[in-house]
Amino acid sequence: MQRNFVRNVSFVVASLLLIAVSLLAMRIAVRADQNQRTLLSGHSVPLIQQAHLVQATSLTQQLNLSIGLQLRNSSDLDSLLSAIYDPNSSQYHQYLTPDQFNQLFAPTSDQVQQVVSYLQSQGMTVTSVAPNNLLIDATATVAQVQQAFNVQINTYQAGNHTFYANTAPPSVPTSISQLITSIGGLDNSVTYHPLYRRLIKHNLNHGATLVAPSGFGPKELSGAYDATPLQNAGTLGDNQTVALFELDGYQQSDVAQYFQTYGLATPTISNVMVDNFNGAPGQGAIEVELDMEVVGAIAPHANQIVYEGPNTTQGLNDTYNQIVHDDKAHIASISWGLCEAYSGAAELQTLDNIFKQGAAQGISFFAASGDSGAYDCGDGTLGVDSPASDPYITGVGGTNLQLNAGAYGSESVWSNPNDTQRSPNGAGGGGGVSSTFAQPSWQTGPGVQNGNREVPDVSADADPATGYATYCTVTNSGCPSTGWITVGGTSAAAPLWAGSIALINQYLQSQGKAVVGYANPALYSLFKAQQQSPAFHDITSGNNLHYAATTGYDMASGIGTPDVDNIAYDFALNSGGGGTPTPTPTSVPSPTPTSVPSPTPTTPPTPTPTPTPPPALIQNGGFEKGLIPWQETSSGGYDLVDNSNVHSGQYSAYLCGYIGCDDRIWQKFTVPTSFTKITITYWWYSDTNKSTNKCYDYFTSSLRTSSNSIIQALQNDCNTKVTNQWVSKTYDLTSVLSKYKGQQVTLFFQGTNAPNQYQPTDFFIDDVVMSVQ
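Model, not experiment: these values are computed from the prediction. (Residues numbered from 1 in each chain as written. Predicted model: local features only at pLDDT ≥ 70, side-chain atom pairs only at ≥ 80, totals over all residues. Heavy atoms only, no water.)

K.L.:
Hey, could you run me through the overall build of the chain in this one?
P.N.:
From N to C terminus, the chain includes 17 helices and 39 strands. Looking at the chain as a whole, 56% of its 773 residues qualify as buried. Considering only contacts in the chain between residues 6 or more positions apart, those separated by 24 or more positions represent 80%. (Helix = DSSP H or I, 4+ residues; strand = E, 2+ residues; numbered from the N terminus. Buried < 20%, exposed > 50% of the residue type's maximum accessible area, 1.4 Å probe, protein only. Contact = heavy atoms within 4.5 Å.)

K.L.:
Please clarify how the sheet that holds strand S38 (residues 744-752) should be interpreted in this entry.
P.N.:
Two pairing modes exist for strands in a sheet, parallel and antiparallel, and in both the strands are linked by backbone hydrogen bonds. Taking strand neighbours across the sheet as the criterion, the 5 strands line up as S30-S33-S38-S35-S36 in an open arrangement whose pairing is antiparallel. Edge positions in the sheet fall to strand S30 (631-634) and strand S36 (710-718), since each of these pairs with one other strand and no more. With direction set aside, neighbouring strand axes in the sheet form an average angle of 15°. Where strand S35 (residues 698-705) and S38 come together, 8 bridges link them in antiparallel fashion. (Pairing = 2+ DSSP bridges. Axes fitted to C-alpha atoms, helices over the stretch in contact; angles between N-to-C directions.)

K.L.:
I tried to follow the environment of Phe 105 on my own but got confused; where do I start?
P.N.:
For Phe 105, the position within the fold is in helix H3 (residues 98-105). Taking the C-alpha atoms as reference, Phe 105 lies 9.9 Å from Asn 133; in sequence the two are 28 residues apart. In contact with Phe 105, other than residues within four places in its own chain, are Leu 71, Arg 72, Asn 73, Asp 76, Leu 77, Leu 80 and Leu 96.

K.L.:
How should I be thinking about the nonpolar core in this particular structure?
P.N.:
Grouped burial of nonpolar side chains is what soluble globular proteins tend to show. Within the largest apolar cluster, 136 residues are counted, with the highest numbers of intra-cluster contacts made by Tyr 192, Phe 245, Tyr 320, Trp 497, Ile 504 and Phe 536. Among the elements that make up this core, the one with the highest residue count is helix H14 (residues 490-510) (12 residues). When neighbours within four sequence positions are excluded, Phe 245 is seen to be in contact with Tyr 192, Tyr 307, Leu 316, Thr 319, Tyr 320, Ile 323, Ser 333, Ile 334 and Trp 336. Among the nonpolar cores identified, the runner-up in size contains 37 residues, and Cys 656, Phe 669, Leu 703 and Leu 714 belong to it. (Core = buried A, V, L, I, M, F, W, Y, C linked by side-chain atoms within 4.5 Å.)

K.L.:
Would you mind going over the pattern of salt bridges with me for this structure?
P.N.:
Under the defined criterion, the tally for this structure stands at 4 salt bridges. Across the pair Asp 78 and Lys 356 runs a salt bridge whose closest N-O atoms are separated by 2.9 Å. Placement of Asp 78 in helix H2 (residues 74-84) and of Lys 356 in helix H13 (residues 345-360) is noted, with a sequence separation of 278 residues between them. Of the residues examined, Lys 356 reaches a relative accessible area of 9% and is grouped as buried. Across the salt bridge formed by Asp 457 and Arg 453, the nearest N and O atoms sit 2.7 Å from each other. Relative accessible area serves as the criterion here: at 0%, Asp 457 is assigned to the buried category. (Salt bridge = Lys/Arg side-chain N within 4 Å of Asp/Glu carboxyl O.)

K.L.:
What is the right way to look at the sheet that holds strand S27 (residues 484-488) in this model?
P.N.:
Pairing is antiparallel across the open sheet formed by 3 strands, whose spatial order is S11-S27-S26. In this open sheet, the two edge strands, each paired with only one partner strand, are strand S11 (197-198) and strand S26 (468-471). Bridge count for S11 against S27 is 2 bridges, and the pairing is antiparallel. When the bridges of S27 are listed, Arg 198 appears paired with Val 487. Against the sheet, helix H9 (residues 252-261) makes contact with S26 and S27, and its axis sits at roughly 130° relative to S26, the strand it touches most.

K.L.:
I would appreciate a short explanation of the packing of H2 against H13 in the present structure.
P.N.:
Between two packed helices, both the angle of their axes relative to each other and the distance between the axes serve to describe the pair. At their nearest, the axes of H2 and H13 sit 10 Å apart, and the two run at 40° to each other. Relative to H13, the element H2 is oriented oblique. Seen along the crossing, H2 lies across H13 with a hand that is left-handed. Note on element contacts: H13 touches H2 through Lys 356, Ala 359 and Ala 360, opposite Leu 77, Asp 78, Leu 81 and Ile 84. The residue makeup of the contact of H2 with H13, split by class, is 5 nonpolar, no polar and 2 charged. (Parallel < 35°, antiparallel > 145°, perpendicular 65-115°, else oblique. Left-handed = near helix turned anticlockwise from the far one by under 90°. Nonpolar A, V, L, I, M, F, W, Y, C, P; charged D, E, K, R; others polar.)

K.L.:
What's the story with the side chain of Gln 715 in this structure? I'm lost.
P.N.:
Structurally, Gln 715 is set in strand S36. A polar contact of 2.5 Å, which involves the side chain of Gln 715, links it to the side chain of Tyr 682. At 2.9 Å, the side chain of Gln 715 forms a polar contact with the side chain of Asp 717. Setting aside residues up to four positions removed in sequence, Gln 715 forms contacts with Tyr 682, Trp 684, Phe 699, Thr 700, Ser 701, Lys 729 and Tyr 731. (Polar contact = N/O pair within 3.5 Å; in protein donor to acceptor, adjacent residues only side chain to side chain.)

Below is the structure:
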């Protein structure tokens with residue numbers, strides 16, 4: 001029961017040959033080009049044209065640089081991504097781990113060292129190298145930067161905005177020019193801005209504030225976009241994690257108050273601080289809290305990881321890269337953006353490399369498409385927003401949503417030419433044609449034009465006039481002490497989509513399917529197909545200040561707004577693996593009883609009461625309901641619930657069977673507050689192709705704390721003790737769990753295969769039962 005053994009060996013050999021060839025070519029180039037320099041394109045600063053020169057920037061001023069490096073084997077990566085998202089490919093949904101990506105596509109240590117050595121030779125301090133080798137952070141003075149990159153750094157002023165910038169593109173020695181994608185931090189002319197819009201209540205008396213929610217709350221949002229059937233069936237985002245990209249902090253008590261007001265449990269929230277960001281809530285706190293509250297409104301049980309970094313090029317790149325490297329979330333929501341022209345082509349390519357890795361790992365990115373309609377740069381010219389314009393991002397536009405008795409009524413594209421706070425043309429959902437990215441192969445269908453990448457891909461409510469109820473008391477962000485405000489903007493639409501995909505992923509896993517991952521190919525596939533359950537509301541009225549909504553795709557609303565329940569069903573039906581997905585249960589009215597004669601009552605014998613058995617601590621121990629509530633990780637990207645070898649029923653958990661595997665499956669449970677005995681019993685099976693008497697491949701089981709510390713190791717067997725049949729394992733846990741009464745612990749199974757041994761071992765688990773007396 002070997003998984004694609006021949007294909008894996010061929011892939012590894014081919015990869016090693018490619019690495020060897022690229023290293024040899026690189027070293028030859030280094031010797032030939034020691035004294036030559038090459039200009040790096042894509043580093044112009046458009047704002048210089050609108051500003052006047054103040055003076056040369058002080059030579060002693062410190063700059064924080066972010067050097068983006070080129071991917072290796074980029075054409076192979078493109079081919080692999082096409083296969084991962086092609087339902088007809090054997091590699092469909094076989095997501096990579098960060099380690100696998102690094103081995104195949106990340107810059108080599110030798111390549112990184114060449115760039116690091118050059119920076120250090122110019123007196124710069126290298127502060128960090130990203131784990132995937134895509135980014136090098138460094139600090140340097142203006143004098144060192146000017147010398148190293150042959151640029152002039154000047155100080156400029158545009159209106160009230162003072163900034164420094166390079167006057168011309170940087171250059172580097174030709175020997176390393178092919179390794180570098182971008183040099184960020186040469187200017188601070190622009191920063192990312194949060195893409196939200198507050199509703200201004202003109203009819204309020206001066207000083208009046210909202211004391212109760214005003215705007216759409218969880219019930220209205222779920223009802224409008226048909227998430228309610230999934231929620232009512234218990235699909236609430238369990239075992240799903242959403243990463244929130246943020247460039248500011250937040251106030252935890254605000255978020256808690258939001259969920260308390262709506263009767264929802266506060267989700268599990270963790271924070272990741274990037275580049276020593278302190279997490280203090282500032283002017284953008286309203287954005288952070290809006291994102292957290294909207295994701296939780298749709299998927300209240302989904303875990304949230306809030307990645308917070310400084311609003312600099314270095315902080316921006318490192319925060320995106322941290323989300324991808326951590327690989328803890330299959331969904332990411334981005335509500336901060338900047339027009340493509342101000343980002344620059346070089347920086348956009350660095351971000352594209354990061355997002356490609358995310359796609360290879362199965363991460364769905366949703367980004368706000370902007371709040372200035374078709375004029376994202378705010379200068380009266382057509383432009384689109386980054387990162388929504390990146391092909392590996394799902395760009396989310398904006399609509400005006402009208403409800404009908406709590407359900408979907410109608411929508412039109414959001415635009416308001418009178419709202420000129422940020423753009424002279426007005427406010428509205430971002431959309432248009434990218435000036436940087438070519439049109440991807442999946443972007444086809446009725447209404448799609450031939451040319452460059454078009455945005456948005458999808459839309460959702462964003463008009464402040466039909467905005468979201470939001471709780472925020474951070475005064476630095478302009479929030480009132482009473483907390484409740486109404487907020488719109490595409491920055492609310494993006495987390496709505498992210499929360500919706502959390503529900504969809506849970507549903508897919510319950511059907512034995514893989515998570516959505518890079519969403520655009522699948523979304524456009526649904527758009528182009530005739531579905532039994534229509535996945536989108538086609539928006540056909542309104543405009544985004546330039547592009548009009550039409551039937552089919554348009555650059556005002558994309559392919560439409562979501563019908564979450566239908567998308568979940570359609571994805572499950574079209575994602576391979578066989579079988580028809582189980583539809584979401586609907587409420588069926590009880591039949592009206594007919595009148596029948598009442599029989600003469602007789603006194604029945606008093607039955608002997610049957611004691612109610614305690615609830616099972618381990619749910620779905622036979623894996624017949626798919627993955628839920630188990631959780632899993634697989635270094636090969638495999639779905640571990642499998643039907644190839646079972647003890648009973650139709651499914652078991654299949655760990656390993658391929659070279660270098662690290663497969664894990666676990667379930668959390670709460671230890672009863674009182675018991676006399678607890679035992680765990682499960683069946684396991686193992687076989688191997690190895691003939692050696694030395695242990696290389698291991699299967700273990702253990703009990704762990706909520707922080708993943710081992711409470712008790714249970715089983716530890718290797719390839720020398722394979723069973724070749726189903727064997728029952730039983731362990732008495734009474735003593736070890738007596739110290740954990742009322743606490744949550746984890747039952748944890750893990751299988752590993754050695755990376756360099758080409759005779760893998762299979763491990764299977766089935767019929768897991770935890771008995772309590």
